[in-house]
Amino acid sequence: MNNIHKFIAYIVYNWKDNLNEAYAPKVKIQFFNKFKEEANDLNITVSDEELNAYIDRFDQIKNSPKITEKDLSKYTLSQLIKLVTTSKGAEAPEAIDITPDIVYRNEDNTIAIYNGSKEELCARHQGSVPWCITRGSYGNYRYSAEKNFPTFYLAQNTNLPSTDALSFVAIQVRQNGRYVYTNRKNSPYESSEMSFNQLLNEVPWLRDIPNVEEILRYIPLSTAEKITQQYKNRSISYREWSKLPYKAKEQYLVVRQGKQDLFSDISIEDFVSKYLPQYPQLATFVAVNSGVIPDINLLRNLDKFSNQDVKSILANLRNKIPGNRLASEEFSFDVKKLLVYTDKWGLNDDQRIYVTKDKNAIVLLQLGNDVKAGVYTKDDDYPDIKLNKRTAKYLLDYPELDKIPLKNLLKLASDEAIDKSVVDNILAQAAENPDSAIIIKDIEGGQLVIDSNDFSAYTIKNNTISSVPFESEEVQQVFSSELDNAGIQDSILRLISSGQSMPENLEKETVFSIINSTPYSRRILDNNVVLVAPTAEHPIFTINKDLQTDFITYQSYGNRRGDWRVYDSSNRLEQIEYWQVYFNYLRSQGKTYNDASLERIFNDGGASLNAKMNFVNANPPLNSTNIYRPFVVDDNVLLLNTATPSMSKTIGSRGSLIRSSINPATARTLMGTVAAEPEAPAAQAGPTPADLGAGERVAAPLRRRGRPAGGGQPRAQQDVAPVAGDFTSATTALEPAGLLNIWNTLPASIRNRFADATITTRVYGDRGAGRRDNILRGRGRVRRIVYNGNNKIYIIELQNGTFVASIVLQPGNSHYLLTTDTSTNIGSPDNLLTTLQARNLAESHKGLAVKMFLAENPHMLGETTEILHKHLNKK
C-alpha cells in the first residue's frame, strides 16, 4: 500500500474519532505527500499516524505569536517535527505491528518462520535450540547499536534431518539492511553481515518460500523499547532527542537521570542553559520532578525559568547547599539571596545567615565566645570583617537579634562595637514579646533576665547587669513556668539538632516538659520528630516523622550510667514505651502502617524478638485496607494474612519473616479479639498518660485495631498455587512496560499490596489471564503476571506494541486499568475492551480485520482502494 492509500485508510478508520479537519482534505493530502516523499528521500522513519498528528498539531499552534512562519509548506519535515514536539499535543499511537507469531507456514507444515521480534517470542524456543536470544540474552542483541538493532526470525525446515545444521536457523534482519544468520548448532557462532542474495546462497531452502524477502522485513524499535532498553544504557545526541515525541523526551530525561552524559554531544549545563528554555513545558516538568536534572545545574540557570518554575525548583531541592559555596561564582548573587530567603543554605548550628535590609549584602554570623561576621556582595566577598561602629550596621540588620546570646551582645557593647542602647532595645522588646528567647521578670530592686540562647541568667539593678547562677531556685522557678515559650522551645530543639548534650544547669523534668509542650509541627528536625519517653533508658529521642520501619532511632539522649543529658547517637528501640509514645504521635498525624511497612519492620534481622513483640503490644496504627494484622501468639510475632490465612508469616530463627500457614478457624478467633482503633490525641498535643496503656498478648489474644467481632469478616480466599517467578518489586515489571509513572500516582494502599511480589511470564493456565485474552479477542495478550496472594497485575501487550495493566485487588474484587497516561477503576475485567476502545487504544474488530487483510493480501490493494474511495465519498 503506498503512502497516499495508507493516509486515506487512516482517515477512514479514524473518521468517528474527531479527526481534525482544519485543513481541507485535498490540502492535507498534499502536505502528507510532501513530507512522506521527504521522509523517503532522507531515510527518516515516521508513521502515517505520527505525520497526521504533526500536521494537526501545527494547525493548532501556528497562530501563536512565537510561531513566526505560519505557512506549513515552508517547513521541512525535520523542522516540523522539532516544532510540534516541543510541547504536548502531537502524540500519536505508534504504527501497529500486525506481524503474527508465525509469519510463514507452508501447506504441509514442514517449513515455518517464527516471529522473533520480541523476547517472549524467542523464549518459546528455549531448550530446543542453543541460541542466546532464547535464554535471557535477547536484549544484548536487539538493543545493541553495534549489531544494528536486529529483528529476529527463527526459520525451521523439518524436511531436513535435525542433524543438519541448516534445518533450524536464526536470522537477523539489521537496521542497515544487512542479514546475519546462526545455524542450529550455533557453530561457528553467527555469520558475518551479508546481502539478501548471499543469505539465500547460504540457506538455499529459503528460496522455496514465496515473497521471502517481504516476510523477513525489518521491524524498527518502538519508542517504548528505545526509552526502556536503548536510551537507558546509551545517550543520544541532542538533535536525535529533539525529534522524539514530547512524551518520549520526558521519559528520556528520566531514564538518563543521574548519568553524567545526559546527551552524547552536549553537557548537562549546555542543555539547561541553551536548549531547555525552548521547551517551556519540559522546563516545568524538570522543575517539579526533583533529580531529573542535577540541582546545581538548575541553580546556575534559574534566570532561564519562569517564576513558578523557580519556586518549584527551590521547594524541591534535595539537599541544602553547603555554606562554603557562598563565595563561589557558580551562582549569581540573586540566586544566593533566594537561597537565603528559602532557607536552602546548609549551615552549622552556631551560624546564622540573612540578607541586609538594603538587599545589597548577605551576612553570615558565626556565634561562640565571640561573634564573627562575613559579608558577601554582588562584586566582593569579605568572609571575616571586624565588628566596630562602622561595620555594626551589618550585625544590626539581623532580624532576630534576640537569638544572639546576651553575653555576646554585652561584650560587643563593652567593646563599643555597638551602642548600649541596642542591648536596651532588645531587652525592652523581649519584655513585650512572650515568645522571645530572652525572658524578663520584675524582681525586688530590678529585673531578672533569663537567656535561653545559652541558658544563662542576669539581674539588672541600678542600670547594672550582673550574672547569676542559672541553677538558682529563683531562675529555675521562672524558667519552668515558661514551658510554652517558643523561644525557649527553639533553644532546646537547637541543642538536640546539633547533637549537643544538655547543659548541667537544666532540670530533667523541665526539659521534658518543654519538649512535650512544643507542637509536633515545630519538633521536626531533618525529617525526624523529637519525642520523650520519660522512663526509657534513652528518654529524649528522634524518630522518622513519617513512618519508622526499622528498630534504630536516629538520635537519642541518655547512657547506661543513667545520665539523661548525654547525647548518645543511634540506639535500638527495645522498650515498649518508645513505641507507645511514637504511635501516639503517628495517630495525631493520621499516619498508619500498611502491609509493606509492616513486613519491612518485622524483617529487620538486627532487632530482637522481644523488641518486635513490644512493637505489637504497643498497638501500632494500621491502614484500614491492610491484609496483614500483627499479633503476639505463643511468645512470637504472627503477621496474619486475613485474606489468605495459609499465607501468613511469623518471625523465624534468623529474625526475619517466614511463611506460616494458619487455619481459617484460628484466624477467625484472632480477628474476633480485634478492638476498634483508639481515637487520636489532639493534633498538636504531646502524649498523655492515658494514651500509654500497654497491649495484651494472645492466648487471651491481643487487642488490635480492625473490624468489630461478630460478622462482616472477609471470607478467606482459596489459595492459589504459586507460579515460578522471582520474588521482587512490581516496578520491575511495570517500568519496562512504560507504566511506572502512572503506577506511582496510585494510592499507597494499592501499591503497597505489591511491595514484595512475584513476577512470572508463565501466563498459560491462569484463569484471569485467559479471561482477559478472550475479552480482548486478539487486540492484546497477557505477557506477565505480578502477584502477591490474590492481588494480581496482568501486564498486557496491545496490538500496537504498547502495554497496559489490568489490576485486581482482593478482598473487595476491585479492578483498575493502567495505561501510559492514566489509571481507571473499571469495575470488572468485562469492561476492559470498551475502556481501551474509548481511549483509542484498541481498534474495532472491523478496522483491525481490514488492516490485517491488506497486510496479508497486498494483491487486493486496487480493489480495496476503490472500496475505500466509495466509503470516503459516502462520508
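Scroll up to find the structure.
Just so we're clear, the structure is a prediction, and the values are computed from it rather than from any experiment.

Another aspect to go through is the sheet that holds strand 16 (residues 524–525). If you walk across this open sheet you meet the 4 strands as 16-17-18-19, and the pairing is antiparallel. Since the sheet does not close on itself, it has two edges, and those belong to strand 16 and strand 19 (555–556), each with one partner. Pairing of strand 18 (residues 540–544) with strand 19, which is carried by 2 bridges, proceeds in the antiparallel orientation. Within strand 19, the position partnered with Thr542 by the bridge is Gln555. Together, strand 17 (528–532) and strand 18 form the strand contacts of helix 22 (residues 508–517), whose direction differs from that of strand 17 by roughly 135 degrees. Packed on one face of the sheet, helix 23 (residues 576–589) meets strand 16, strand 17 and strand 18 and runs near 125 degrees to strand 17.

This brings us to the pattern of salt bridges. Applying the stated criterion to the full structure yields 34 salt bridges. Of the charged contacts, one joins Glu797 and Lys118 as a salt bridge, the two residues approaching to 3.8 Å between their closest N and O atoms. You can see Glu797 sitting in strand 29 (residues 791–798) and its partner Lys118 sitting in the loop between strand 2 (111–116) and helix 5 (119–123), a full 679 residues away along the chain. Among the ionic pairs, Arg783 bridges to Glu120, the shortest N-O distance being 3.1 Å. A residue pair is termed long-range when its members are at least 10 positions apart, and Arg783 in strand 28 (residues 780–788) and Glu120 in helix 5 qualify at 663 residues. Residue classification places Arg783 among the buried positions, given a relative accessible area of 13%.

Along the polypeptide, Ser332 turns up in the loop between strand 6 (321–322) and helix 16 (333–341). When its relative accessible area of 39% is taken as the criterion, Ser332 is described as partly exposed. Through-space distance from the C-alpha of Ser332 to that of Arg300 is 7.2 Å; in sequence the pair is 32 residues apart.

Taken in spatial order, the 4 strands of this open sheet run 8-9-10-11, and their pairing is antiparallel. The two strands at the open ends of the sheet, each matched to only one other strand, are strand 8 (351–355) and strand 11 (381–385). In this sheet, adjacent strand axes meet at a mean angle of 15 degrees when their direction is disregarded.

Before going further, it helps to examine the side chain of Gln476. Relative to the elements of secondary structure, Gln476 occurs in helix 20 (residues 473–480). The class of Gln476 is buried, set by a relative accessible area of 11%. Ignoring any residue separated from it by four or fewer positions in sequence, one finds Gln476 in contact with Phe470, Glu471, Asn505, Glu507 and Thr510.

On to empty space enclosed by the protein, then. Scanning the entire structure with this criterion turns up 3 cavities of 30 Å³ or more. As for the largest cavity, its lining consists of 15 residues, and the residues nearest its centre are Ile627, Tyr628, Asn641, Asn788 and Asn791. Its residues placed into classes, the lining of the largest cavity shows 4 nonpolar, 8 polar and 3 charged. Computed from the structure, the second largest cavity encloses a volume of approximately 110 Å³. As for the second largest cavity, its lining consists of Trp131, Cys132, Ile133, Tyr141, Phe152, Ala170, Gln172, Thr182, Asn186, Tyr189 and Glu190.

Looking now at the packing of aromatic side chains. Summed over the entire model, instances satisfying the criterion amount to 35 aromatic pairs. Following the ring pairs from residue to residue traces out a cluster consisting of Tyr520, Phe551, Trp579, Tyr582, Phe583, Tyr585, Tyr593, Phe602 and Phe615. The residue whose ring lies beneath Lys249 is Trp241, and the NZ or CZ to ring-centre distance is 5.6 Å.

Counting residues in each nonpolar core, the largest one holds 47 residues, and the members touching the most others are Trp241, Tyr252, Leu253 and Phe271. Ala536, Tyr582, Leu598 and Leu657 belong to the second largest nonpolar core, which has 34 residues in total.

Looking now at the environment of Arg124. With respect to the helices and strands, Arg124 occurs in the loop between helix 5 and helix 6 (138–142). A relative accessible area of 38% means that Arg124 is categorised as partly exposed. Sequence separation between Arg124 and Thr134 is 10 residues; the distance between their C-alpha atoms is 7.2 Å. Setting aside anything within four residues of it in sequence, one finds Arg124 in contact with Asp101, Tyr764, Arg781 and Arg783. Within the structure, the side chain of Arg124 is placed 2.9 Å from the side chain of Glu120, a separation counted as a polar contact.

Reading the values: rules and limits
- Residues numbered from 1 in each chain as written.
- Predicted model: local features only at pLDDT ≥ 70, side-chain atom pairs only at ≥ 80, totals over all residues.
- Heavy atoms only, no water.
- Pairing = 2+ DSSP bridges.
- Helix = DSSP H or I, 4+ residues; strand = E, 2+ residues; numbered from the N terminus.
- Contact = heavy atoms within 4.5 Å.
- Axes fitted to C-alpha atoms, helices over the stretch in contact; angles between N-to-C directions.
- Salt bridge = Lys/Arg side-chain N within 4 Å of Asp/Glu carboxyl O.
- Buried < 20%, exposed > 50% of the residue type's maximum accessible area, 1.4 Å probe, protein only.
- 1 Å grid on protein atoms, 1.4 Å probe; cavity = no way out; pocket = protein on both sides within 12 Å on 5 of 7 lines; lining within 4 Å.
- Points joined across faces, edges and corners; volume = space filled by probe spheres on them.
- Nonpolar A, V, L, I, M, F, W, Y, C, P; charged D, E, K, R; others polar.
- Phe/Tyr/Trp six-rings, centres within 6.5 Å; stacked < 30°, edge-to-face > 60°.
- Lys NZ or Arg CZ within 6 Å of the ring centre and 35° of its normal.
- Core = buried A, V, L, I, M, F, W, Y, C linked by side-chain atoms within 4.5 Å.
- Polar contact = N/O pair within 3.5 Å; in protein donor to acceptor, adjacent residues only side chain to side chain.

Distances and angles like these do not, on their own, reveal function.
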